[in-house]
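Summary of the model geometry
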Amino acid sequence: MWDNLTCWPATPRGQVVVLACPFNLSPIQDRNVSRSCTEEGWTHLEPGPYPDACGFDDKESGLDEQQLKVFYSSVKMGYTTGYSLSLATLLVAMTILSLFRKLHCTRNYIHMHLFVSFILRAVSVFIKDLILFDHPESDNCSEVSVGCKAAMVLFQYCVMANFFWLLVEGLYLHTLLVVSFFSERKYFWGYILIGWGLPSIFIMAWTIIRIYLEDHGCWDIINSPLLWWILRAPILTSILVNFILFIRIIRILVQKLQPPDVGKSNSSSYSRLTKSTLLLIPLFGVHYTMFAFFPNNFKDDVKIVFELVVGSFQGFVVAVLYCFLNGEVQAELRRKWRRWNLKGILGRGRNYQHPSGGSLGATCSTQVSMLTRGSPSGRRSSSFQAEDSLV
């Protein structure tokens, strides 16, 4: 029997089944609940309802059962809208960065991998919701198909990979500002291992342990603390490291944006620093630190809205800031648009070549070649200026 929180296995009449409280709901360890199997069916929960037996307050949010259903339905609608908008925007951004060869460089390659991680995260959320909410196998007690469990494994991998690619963005930008010279090609393969490889290791370990420790239902509910921390610890570590990198980069920006003249006004520098800080927050996922290290029972309704609804729009914000509002992308789009217009006007598209086609706007190719010939300090400065093109 599935009571929406715990699966009660088939039991002969006259026996008592004792189970541990769901880990994600009970802040107190070593608490149990029990039911007896009688001729009339299962008895009521003992020693009482889940809030009393497991030590959590279901009235903390001030919502009754009907209000909770409306709340969760609204949350689902909110994050579905956010992921749909992010998915559409990210697909367009990926198309732009892929089609224009002059936008191909290490920095944009990393952006593209981050976009792919956001796309996979959105798709995995849609698959998970389709299986859990629209599939008859989602009662967590009956035998479920391997595909249902595989969908949950894919979801957990995509979420973790997304956090690790946010970490890669922080590592790359910090390396540009701190390291005098480094091989971008070698570092890029290391970033790929971090972004896609490390999550696969943790998810493989989680899958194997889950098979032997808690192989029931569709794997959408986690009761074991060990399984919970296998997923939570790497994500929390990536958030913490990215926050440290964010602080270090802001300190470097403060030093670089200080005016050389003592008597000069600092208003312009503070304005650029504010813009740079706001620009880096969605790229580093700094907003996740607000609730990442709070207790599990801290204002669940607030955490749910922030993590699910607000977090679902992060892909949209990143795509807009680092593609559509990027100066290099805009310059390349304008150049192509002018070239297409001139070809249409002249009617000789195959034979016509725009006389200034290679000189409009700064592109990754020209920047990379200039950085290679320049000094190490100039290389770091120019690379960061490209990243900070909105400022």
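Conventions and cut-offs
- Residues numbered from 1 in each chain as written.
- Predicted model: local features only at pLDDT ≥ 70, side-chain atom pairs only at ≥ 80, totals over all residues.
- Heavy atoms only, no water.
- Helix = DSSP H or I, 4+ residues; strand = E, 2+ residues; numbered from the N terminus.
- Buried < 20%, exposed > 50% of the residue type's maximum accessible area, 1.4 Å probe, protein only.
- Contact = heavy atoms within 4.5 Å.
- Areas by Shrake-Rupley, 256 points an atom, 1.4 Å probe, with all protein chains shown as cover.
- Phe/Tyr/Trp six-rings, centres within 6.5 Å; stacked < 30°, edge-to-face > 60°.
- Core = buried A, V, L, I, M, F, W, Y, C linked by side-chain atoms within 4.5 Å.
- Disulfide = S-S within 2.5 Å.
- Salt bridge = Lys/Arg side-chain N within 4 Å of Asp/Glu carboxyl O.
- pLDDT = per-residue confidence, 0-100.
- Axes fitted to C-alpha atoms, helices over the stretch in contact; angles between N-to-C directions.
- Parallel < 35°, antiparallel > 145°, perpendicular 65-115°, else oblique.
- Left-handed = near helix turned anticlockwise from the far one by under 90°.
- Nonpolar A, V, L, I, M, F, W, Y, C, P; charged D, E, K, R; others polar.

Now for the overall build of the protein. Secondary structure summary: the protein contains 13 helices and three strands in total. Counting the 391 residues in the protein, one finds 43% classified as buried. Considering only intrachain contacts with a sequence separation of at least 6, the fraction spanning at least 24 residues in the protein is 70%. By element, 62% of the accessible surface of the protein is carried by carbon and sulfur atoms, the whole surface being about 21000 Å².

Moving on, we get to the packing of aromatic side chains. As enumerated under the stated definition, the model contains eight aromatic pairs in all. Judged by centre distance (6.5 Å) and plane angle (35 degrees), the rings of F164 and F202 are tilted. A residue pair is termed long-range when its members are at least 10 positions apart, and F164 in helix α4 (residues 146-178) and F202 in helix α5 (residues 184-213) qualify at 38 residues. For F164, a relative accessible area of 5% corresponds to the buried category.

A separate point is the nonpolar core. Counting 72 residues, the largest nonpolar core has F115, W206 and L280 as the members making the most contacts within it. Only α2 (65-99), α3 (106-134), α4, α5, α6 (225-256), α7 (267-284) and α10 (314-324) provide two or more residues apiece to this core. Apart from residues no more than four positions distant in its own chain, L280 is found in contact with L173, F246, I249, I250, L253 and Y322.

Applying the stated rule across the entire model yields one disulfide. Each sulfur in the disulfide pair C148 and C218 lies 1.7 Å from the other. What sets the handedness of the C148 and C218 disulfide is the S-S torsion sign, and at about -110 degrees it is left-handed. Within this pair, whereas C148 is found in helix α4, its partner C218 is found in the loop between α5 and α6, the two being separated by 70 residues in sequence.

Now for the pattern of salt bridges. All told, the structure shown has five salt bridges when counted by the stated rule. The salt bridge involving D215 is made with K149; its shortest N-O contact spans 2.6 Å. Of the two residues, D215 sits in the loop between α5 and α6 while K149 sits in helix α4, which places them 66 residues apart along the sequence. For the salt bridge of R210 with E214, the shortest nitrogen-to-oxygen distance reads 3.3 Å. By relative accessible area, R210 is classed as buried at 0%.

Right, let's get into the confidence of the model for the protein. Per-residue pLDDT for the protein averages 75, and the proportion of residues at 70 or more is 64%. Note on residues 354-391: pLDDT under 50 across the span, and 62 contacts to partners over four residues away in sequence or across chains.

Look at α4 against α6: their axes get within 9 Å of each other, and the N-to-C directions meet at 25 degrees. Our classification of the angle between α4 and α6 gives roughly parallel. Two packed elements cross with a definite hand, and for α4 against α6 that hand is left-handed. Broken down by class, the residue content of the contact of α4 with α6 amounts to 19 nonpolar, five polar and two charged.

Looking now at unusual backbone geometry. Although it is not a glycine, W219 sits at a positive phi angle of roughly 65 degrees. By secondary structure assignment, the location of W219 is in the loop between α5 and α6.

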